[in-house]
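Next come the chains, spelled out residue by residue.
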Amino acid sequence: MSLSSADISHVKGIWSKAKGKGGDLGKEALQRMFCSSPQTKTYFAHWGENPQDSPNTAIHGKKIFDAINDAVDHISDIHGALSKLSDLHATKLKVDPANFKILSHNILVTLSRNFPSDFTPEVHLSFDKFLDQVALSLAEKYR
């Protein structure tokens, strides 16, 4: 599913609000994922028994939001922008690609909670389509 010009406008608009807040928003998205989908904690066992309380959560959350920022900046070539991350997650980290969709959902919840007046149904739909493209790009090297 490709992104329309309206989708791109919506994605860039909501992302302009989130940009620069990756540490806080990324941490919140990861904490939500760990609570709602505890099986995802297995990839972060080295952070201790409760990874949601680890200082590494904000650090990794920022990395995730930085990667999304790269995808927004290269929205016409998301696959190319995330190719190295796809390779890392597939070959070294061996993350189940289903987890990308789980995290995507938690990012949507985080954005809607932090920007309620800006997160309209149209923005929600566009950003969901965008995150689908991100998840698909990250799963590319699994094939």
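What comes next is a walk through the structure.

The rules we used
Residues numbered from 1 in each chain as written. Predicted model: local features only at pLDDT ≥ 70, side-chain atom pairs only at ≥ 80, totals over all residues. Heavy atoms only, no water. 1 Å grid on protein atoms, 1.4 Å probe; cavity = no way out; pocket = protein on both sides within 12 Å on 5 of 7 lines; lining within 4 Å. Points joined across faces, edges and corners; volume = space filled by probe spheres on them. Helix = DSSP H or I, 4+ residues; strand = E, 2+ residues; numbered from the N terminus. Expected span 1.5 Å × (residues − 1). Buried < 20%, exposed > 50% of the residue type's maximum accessible area, 1.4 Å probe, protein only. Contact = heavy atoms within 4.5 Å. Phe/Tyr/Trp six-rings, centres within 6.5 Å; stacked < 30°, edge-to-face > 60°. Salt bridge = Lys/Arg side-chain N within 4 Å of Asp/Glu carboxyl O.

**Thoughts on the layout of surface pockets**
Point 1. The volume enclosed by the largest pocket comes to roughly 620 Å³.
Point 2. Forming the boundary of the largest pocket are 29 residues, of which Phe44, His60, Ile64, His89 and Leu103 lie nearest the centre.
Point 3. Of all elements in the fold, only helix H2 (22-36), helix H3 (56-73), helix H5 (83-93), helix H6 (98-114) and helix H7 (121-138) reach the threshold of two or more residues within the lining of the largest pocket.
Point 4. Top contributing element to the lining of the largest pocket by residue count: H3, with 7 residues.

**Quick notes on H6**
Point 1. Along its 17 residues, H6 runs 25 Å from first to last C-alpha, staying within 8% of the 24 Å computed at 1.5 Å per residue.
Point 2. Turning to H6, its buried residues number three or more, namely Asn99, Phe100, Leu103, Ser104, Asn106, Ile107, Leu108, Thr110 and Leu111.
Point 3. Those residues of H6 that are buried are in contact with helix H1 (5-18), H2, H3, H5 and H7.

**Some points on the packing of aromatic side chains**
Point 1. One pass over the full model with this rule turns up 3 aromatic pairs.
Point 2. Plain terms: the ring middles of Trp15 and Phe127 are 6.0 Å apart, the flat faces sit at 10 degrees to each other, and that makes the pair stacked. Linking Trp15 in helix H1 with Phe127 in helix H7, this pair joins segments that are 112 residues apart in sequence. Summarising the burial analysis for this pair, Trp15 and Phe127 share the class buried.
Point 3. Within the aromatic cluster, the residues linked to one another by ring pairs are Trp15, Phe65, Phe127 and Phe130.

**Remarks on the pattern of salt bridges**
Point 1. Evaluation of the coordinates by the stated rule reveals 6 salt bridges.
Point 2. Residue Glu28 pairs with Arg113 through a salt bridge whose shortest N-O separation is 2.8 Å. Here the residue Glu28 occupies a position in helix H2, and Arg113 occupies one in helix H6, the gap between them amounting to 85 residues.
Point 3. A relative accessible area of 12% means that Glu28 is categorised as buried.
Point 4. Put simply, Asp66 and Lys62 hold a salt bridge, and the shortest N to O gap is 3.0 Å. With Asp66 and Lys62 both in helix H3 and 4 residues apart, the pair spans about one turn of that helix.
Point 5. Judged by relative accessible area, which is 41%, Lys62 ranks as partly exposed.
Point 6. Each of Glu28, Arg32 and Arg113 takes part in salt bridges that share partners, so that together they form one network.

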